[in-house]
Structures are given as C-alpha cells and as structure tokens.
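Spelled out, the chains give:
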Amino acid sequence: MLKAKKVRKAIIPAAGLGTRFLPATKASPKEMLPIVDKPTIQYIVEEARKSGIEEILIITGKGKRAIEDHFDAVPELEDNLRAKGKIKMLESVEETTGLDMYFKRQSHPQGLGDAVLTAKTFVGNEPFVVMLGDDLMEDKVPLTKQLVDSFEQTGASTLAVLPVPHEEVSKYGVIDPSEQVEEGLYNVSRFVEKPAVEDTPSDLAIIGRYVLTPEIFEILENQQPGEGNEVQLTDAIDTLNKKQRVFAKVFNGDRYDVGNKFGFLKTNIEYGLKHPETKDELKDYIKDLAKRLD
Ligand code: UTP
C-alpha cells in the first residue's frame, strides 16, 4: 500500500454569523469570546500545533478582523510589558505570533461546506484537517492528532463522532455506522445532516474535527445547498464516502461546545476550575453559591 501523505495543513472556519450569541456578536467574532483569559480560537490553534500541523488557514468574514489582529505582533504592547518586567504577560502575548497562519474571507457565508471550499487553493492536492472554531476538545492525545494518526494508517478521510443524547441528534450531522473495523473506528454507510429524532440512523454525532482528502473540493463545487439552504459539509462527505472510504472515529475525551450560551458558560466554569489564578477562589465561590441556591 502507498504510504499516506503527511497531513500538514488545517482550516479553521470562523466566518459564521454567531447568531446564538447576539448581541455580543454584532461587532465581535464569536470565536474571540474568551474562555477564562484566552479566545476560543487560540485553543484550537494550539490543538493544531500540538497535532503537528504546520500551516493554518482561518476562514473569516465581516466583523472578524479581531481574529487576524490576535495572531499578529503588537510591538507597543510588547515593549511596554518588557520595560515593566512583566515577562509572563509578555510571553502570553508572544505565544500567538510568528505562526504560519493565513486568512481568507468567506464573503457570503453559505454554510460550512462553502467555507471549506474557500480553502481549495490553500490546500492544493493534500489531505487536510478541518477544525471548527467553536468546539473545544480535551484529551491526553489531542483529537486532531488522533485523526491524523488514523489517516496515516488508513489513507482514508476520518472524522470524529461522539454519542449524544437521543433527543439532541437533530442539532448535528449523524452517522449510520455499518461495521466496526477496530475499537472505536467505524465504516459508515450514510452521513445525514440534522436528522429528525424519529428517523436518526444512530446517536453518533459528528463533532468539529475532520481529516479529509482533497477530492472533497470537486464534490463541494458541484453540490447544491441542503438543510437550512446551506452548503452542508456532511452532504459532501456522504458523496465522498460513495467514491472512497470515510471512517468515523469515536472520541473518548471531553468536548466543550462553546457556540451556544449554556455551553460557553459551562466551559468557562470548568476551565476556570483548572486555571491556577482562578481555581481556588472559583471553587469556594461555587460551594458558597450552591448553599445559597439550596
Ligand atoms: P455554526 O453554525 O456553529 O456557527 O458553525 P454560526 O453559524 O456562526 O452560529 P449561529 O448558528 O449563527 O449561532 C460552526 C463553525 O463553522 C463556521 C462558524 O464560524 C463556526 O465556527 N462557519 C459556519 C463558517 O465559517 N461559515 C459558514 O457559512 C457557516
């Protein structure tokens, strides 16, 4: 068997309108909302780097300029922190600069599939990763690395899935698993976007990490809008699966969906309970609050 090409590039689609966070997202990108002290998108860029990704393209849009600025140097701020000897702060500011990052606008957001298609020239003829800008994943081995490792063994597109409560399947793309080829890795007969609860083929939902082969672009170019009148990545993956195998890998770590209000609050609390500067105070506060709520 030919050795699979190395996965070097990642796309982070971050051009969505973030309507579930209005009015906060009227002029600010949802992907810049902080989890304790870091914007969501920075955690995703960190996961990409820990997974061996060398080049990252962020798909942005109107009102999203702050994302680009966040990954640029700020000489005045850096000089000021250096002069005041605030070295830890300086390091935290410098962490997000000097990376091999690219930005492209999706002028008329028409869905995730359309956002991915925007990256065609950047990707060229290589396998690549898609990481959603509003889903955080925690595991000993980063989820993207798990998918890349799996791709390097099978040479096939692979996406991550997670069991979700049955009544929530209609919020997700869902797989129809056919057989388990190894522990947690499935062959799939169908990928279905937002099925009705009564029709769903399973409770295994597609979460925001994918390794895809470049053949997906030709499919996206010829695809009509689907559910919600958007170009759905799930539909393109379903077509790809008819031409070449696409695997689904069950994720065993923790997923934080920060794209909705409750998920965002929960994630801030959980990350706050791990952060050295906030964990003790926050724990005491939560205990006290729980007593007052009883
Ligand atoms: P979501 O559907 O969760 O994001 O897409 P959204 O559209 O911003 O949110 P709501 O529903 O209006 O509140 C998942 C990811 O895909 C990106 C989003 O920015 C988000 O990170 N996306 C979505 C695009 O880049 N382009 C699109 O056309 C749609």
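Conventions used here
- Residues numbered from 1 in each chain as written.
- Predicted model: local features only at pLDDT ≥ 70, side-chain atom pairs only at ≥ 80, totals over all residues.
- Heavy atoms only, no water.
- UniProt positions renumbered as here; feature names shortened; annotations may be inferred.
- Helix = DSSP H or I, 4+ residues; strand = E, 2+ residues; numbered from the N terminus.
- Rg over C-alpha atoms; globule rule 2.2 N^0.38 Å.
- Contact = heavy atoms within 4.5 Å.
- Lys, Arg positive; Asp, Glu negative; His and termini not counted.
- Charge placed at Lys NZ, Arg CZ, Asp CG, Glu CD.
- Buried < 20%, exposed > 50% of the residue type's maximum accessible area, 1.4 Å probe, protein only.
- Pairing = 2+ DSSP bridges.
- Core = buried A, V, L, I, M, F, W, Y, C linked by side-chain atoms within 4.5 Å.
- Near = heavy atom within 4 Å.
- Polar contact = N/O pair within 3.5 Å; in protein donor to acceptor, adjacent residues only side chain to side chain.
- Areas by Shrake-Rupley, 256 points an atom, 1.4 Å probe, with all protein chains shown as cover.
- 1 Å grid on protein atoms, 1.4 Å probe; cavity = no way out; pocket = protein on both sides within 12 Å on 5 of 7 lines; lining within 4 Å.
- Sits in = over half its atoms within 2 Å of the grid points.
- Nonpolar A, V, L, I, M, F, W, Y, C, P; charged D, E, K, R; others polar.
- Patch = residues over 30% accessible without salt bridge, like charges linked within 9 Å, V, L, I, M, F, W, Y side chains within 5 Å.
- Salt bridge = Lys/Arg side-chain N within 4 Å of Asp/Glu carboxyl O.

The name that an unreviewed UniProt entry assigns to the protein is UTP--glucose-1-phosphate uridylyltransferase, with the source organism given as Pediococcus stilesii. The protein has a UniProt comment under Catalytic activity (unreviewed entry) that states "alpha-D-glucose 1-phosphate + UTP + H(+) = UDP-alpha-D-glucose + diphosphate". Annotation of the protein in UniProt includes, under Sequence similarities (unreviewed entry), the sentence "Belongs to the UDPGP type 2 family."

**Looking at the overall build of the protein**
For the protein, the count of helices and strands is 11 helices and 13 strands. What you see for the protein is a C-alpha radius of gyration of 20 Å, in line with the 19 Å of a compact globule of 294 residues. In terms of its C-alpha atoms, the protein occupies a principal-axis envelope of roughly 60 × 50 × 35 Å. Of all intrachain contacts in the protein linking residues separated by at least 6 positions in sequence, the fraction that spans at least 24 positions is 77%. Mean positive and mean negative side-chain charge positions of the protein (40 and 50 charges, respectively) differ by 2 Å.

**Some points on the pairing of strand β10 (residues 185–193)**
Where burial is concerned, most of β10 is hidden: seven out of the nine residues are buried. Bridge analysis of strand β9 (residues 173–182) against β10 gives eight bridges, and the strand direction is antiparallel. Paired with glutamine 180 across the strands is tyrosine 186, a residue of β10. In this structure, β10 lies alongside strand β12 (residues 246–250), joined through three bridges in antiparallel fashion.

**With respect to the nonpolar core**
Among the nonpolar cores identified, the biggest contains 35 residues, and Ile12, Ile56, Ile58, Val129 and Leu136 are the most heavily contacted of them. With five residues, helix α1 (residues 40–50) is the largest single contributor of residues to this core. When sequence neighbours within four positions are dropped, the list of residues in contact with valine 129 reads Val7, Lys9, Ala10, Ile11, Ile53, Thr144, Val148, Tyr210 and Val211.

**Some points on the environment of tyrosine 172**
With respect to the helices, strands and loops of the structure, tyrosine 172 is situated in the loop between β8 (157–163) and β9. On the basis of relative accessibility, which here comes to 12%, the residue tyrosine 172 falls in the buried class. Once residues lying within four places of it in the same chain are set aside, the contact partners of tyrosine 172 are Val164, Val192, Glu193, Lys194, Pro195, Ala205, Ile206 and Arg255.

**So, the site of the ligand**
Looking at the ligand, there are 18 residues lining it, with Gly18, Thr19, Arg20, Gln106 and Gly111 nearest. In the environment of the ligand, an oxygen atom lies 3.0 Å from a nitrogen or oxygen atom belonging to the side chain of lysine 30. Here glutamate 31 contributes a side-chain N or O atom positioned 2.9 Å from an oxygen atom of the ligand. For the ligand, whose unbound accessible area comes to 570 Å², protein coverage reaches 83%. At a threshold of 2 Å from the grid points, most atoms of the ligand map onto the largest pocket. Here the residues of the shell around the ligand sort into seven nonpolar, seven polar and four charged.

**Points about the UniProt feature "domain: Nucleotidyl transferase" (unreviewed entry) in the protein**
Under the UniProt annotation, "domain: Nucleotidyl transferase" (unreviewed entry) lies at residues 9–268. End-to-end, the C-alpha atoms of residues 9–268 are 29 Å apart, and along that stretch the chain is 31% helix and 28% strand.

**Some points on the environment of lysine 86**
Positionally, lysine 86 belongs in the loop between α3 (75–83) and α4 (87–94). Between the C-alpha atom of lysine 86 and that of phenylalanine 251, which follows or precedes it by 165 residues, the distance is 39 Å.

**Some details on a nonpolar patch on the surface**
Among the surface-exposed residues, Ile269, Leu273, Tyr285 and Ile286 lie close enough to one another that they form a single nonpolar patch of about 330 Å² accessible area. Its location among the elements puts tyrosine 285 in helix α11 (residues 279–293). A residue is classified by how much of its surface remains accessible, and tyrosine 285, at 44% relative accessible area, is partly exposed.

**A closer look at the pattern of salt bridges**
Per the stated rule, a full pass over the model turns up 20 salt bridges. Of the charged contacts, one joins glutamate 54 and lysine 6 as a salt bridge, the two residues approaching to 3.8 Å between their closest N and O atoms. Residue glutamate 54 is located in the loop between α1 and β4 (55–60), and its partner lysine 6 is located in the segment before β1 (9–13); the two are separated by 48 residues in the primary sequence. Among the ionic pairs, glutamate 47 bridges to arginine 209, the shortest N-O distance being 2.9 Å. One end of the pair, glutamate 47, is in helix α1; the other, arginine 209, is in strand β11 (residues 204–212), with 162 residues separating them in the sequence. The exposure classification of glutamate 47 matches that of arginine 209, with both residues buried. Overlapping salt bridges, with partners in common, bring together Lys6, Arg8, Lys9, Glu54, Glu55 and Glu126 in one network.

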